[in-house]
Amino acid sequence: MNVCVFLSAADLDERYTGPAREFAELLGKGGHTLVWGGSDTGLMKVVADGVQATGGRLVGVSVELLRGKARKGADEMVITADLAERKALLLSRSEAVVVLAGGLGTLDEVTEVLELKKHGLHRKPIVLLNTDGFYDGLILQLRRMDDDGFLPLPLDELVHFAPDPAAVMAFLGA
């Protein structure tokens, strides 16, 4: 399975890198392909290293302004002109989306794929890995949107929340 992973390119502490590494190893051992932002820094590097070390493939989709941070040695690396093209390509090259801890770029990516799914423009599963309660606030907001009628379909049809990497893989059936 080609799994798009949105996550941080920042160097973070073990409470985030540990679960990211565990998820990467499960992905690689399962023979899956990581489709990610292509960076060789931070959590992006941790996940790419783990997938590659356990036999998975790496398909990076970087952007011209970050070309210098693109991972050398990926199975495939595509450089896009801008972030919008990057997001579209990441989604089109994947069969599922998993969201790990990240900053504004990750938040932008997850809200866009949720919006596209809401409008029926894709039917791919989207899973938020809620490491150390990182997405508790977002989950609360999404539930409020659902409860107050802002979503045209039930929240559980849009996104799944997973407490740990094993639960992500179980949900994906991978």
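First things first, this report covers the structure right here in the doc. Keep in mind that this is a model prediction, so the values were computed, not measured.

## Quick notes on the sheet that holds strand β7 (residues 160-162)
In spatial order, the strands read β4-β3-β2-β1-β5-β6-β7; together these 7 strands make up an open sheet with parallel pairing. At either end of the open sheet lies a strand with only one pairing partner, and these are β4 (76-80) and β7. In this sheet, neighbouring strand axes are inclined to one another by 25 degrees on average, regardless of whether the strands run parallel or antiparallel. Taken together, the 4 bridges between strand β1 (residues 2-6) and strand β5 (residues 96-99) define a ladder with parallel strand orientation. The residue of β5 that forms the bridge with valine 3 is alanine 96. On top of the sheet, helix α2 (residues 42-53) reaches β2 (33-36) and β3 (57-63); it is set at about 160 degrees to β2, its chief contact.

## A look at the nonpolar core
If you look at the biggest cluster of nonpolar residues, it comprises 28 residues, and the most contacted ones within it are Val5, Phe23, Leu34, Val47, Val98, Leu100 and Val168. Those elements giving two or more residues to this core turn out to be β1, α1 (14-29), β2, α2, β5, β6 (126-129) and α7 (165-172). Looking at which element gives the most residues to this core, the answer is α2, with 6 residues. Contacts of leucine 100, omitting those with residues within four sequence positions, involve Val5, Phe6, Leu7, Ala20, Phe23, Val47, Thr106, Leu129 and Tyr135.

## Observations regarding the packing of α1 against α2
Viewed as axis vectors pointing N to C, α1 and α2 meet at an angle of 30 degrees, and their least axial separation amounts to 7 Å. Between α1 and α2 lies a crossing of right-handed hand. Residue-level inspection shows Tyr16, Thr17, Ala20, Arg21, Ala24, Glu25, Leu27 and Gly28 of α1 in contact with α2, the latter providing Leu43, Val46, Val47, Gly50 and Val51. Of the residues assigned to the contact of α1 with α2, the class counts are 8 nonpolar, 3 polar and 2 charged.

## Points about the environment of alanine 101
Mapped onto the elements, alanine 101 comes out in the loop between β5 and α4 (104-118). In the structure, alanine 101 is positioned 68 residues away from methionine 169 in sequence and 17 Å away in space, judged by C-alpha atoms.

## Notes on α4
With 15 residues, α4 should cover 21 Å at 1.5 Å per step; its first-to-last C-alpha distance of 21 Å lies within 8% of that length. Buried within α4 are the following residues: Thr106, Glu109, Val110, Val113, Leu114 and Lys117. Seen end-on, α4 carries its buried residues on one side only, within an arc spanning 125 degrees. Turning to α4, the residues buried within the fold contact β1, α3 (83-92), β5, β6, α5 (136-147) and α6 (155-158). Directly beyond the C-terminal end of α4, a positive phi value near 75 degrees is found at glycine 120.

Criteria and thresholds
- By convention here, each chain's residues receive numbers from 1 onward along its written sequence.
- The predicted origin of the model limits local features to residues at a pLDDT of at least 70 and limits the giving and counting of side-chain atom pairs to 80 or more, whereas totals for whole chains, interfaces and linings rest on all residues.
- Values reported for side chains reflect all heavy atoms of the structure, with hydrogen atoms and water molecules removed beforehand.
- Paired strands are those between which DSSP finds at least two bridges.
- Each helix corresponds to a stretch of at least 4 residues labelled H or I by DSSP, and each strand to a stretch of at least 2 residues labelled E; elements are numbered beginning at the N terminus.
- Angles shown run from 0 to 180 degrees and are taken between the N-to-C directions of axes, each axis being a line fitted to C-alpha atoms and, for helices, limited to the stretch in contact.
- Whether two residues are in contact is decided by their heavy atoms, any of which lying within 4.5 Å being enough.
- To form a nonpolar core, buried Ala, Val, Leu, Ile, Met, Phe, Trp, Tyr and Cys residues must be joined to one another through side-chain atoms within 4.5 Å.
- Note on exposure labels: buried denotes an accessible area under 20% of the residue type's maximum, exposed denotes more than 50%, and partly exposed covers the range between, all computed with a 1.4 Å probe on protein chains only.
- Each crossing is labelled by how the near helix is turned from the far one, with a counterclockwise turn of less than a right angle marking it left-handed and a clockwise turn marking it right-handed.
- Each residue gets one label: Ala, Val, Leu, Ile, Met, Phe, Trp, Tyr, Cys and Pro are nonpolar, Asp, Glu, Lys and Arg are charged, and the others, such as Gly, are polar.
- What a helix is expected to span follows from its residue count: subtract one and scale by 1.5 Å.
- Working note: the arc is built from the helix axis to C-beta atom directions.

Purely spatial values, then, with no claim about function.
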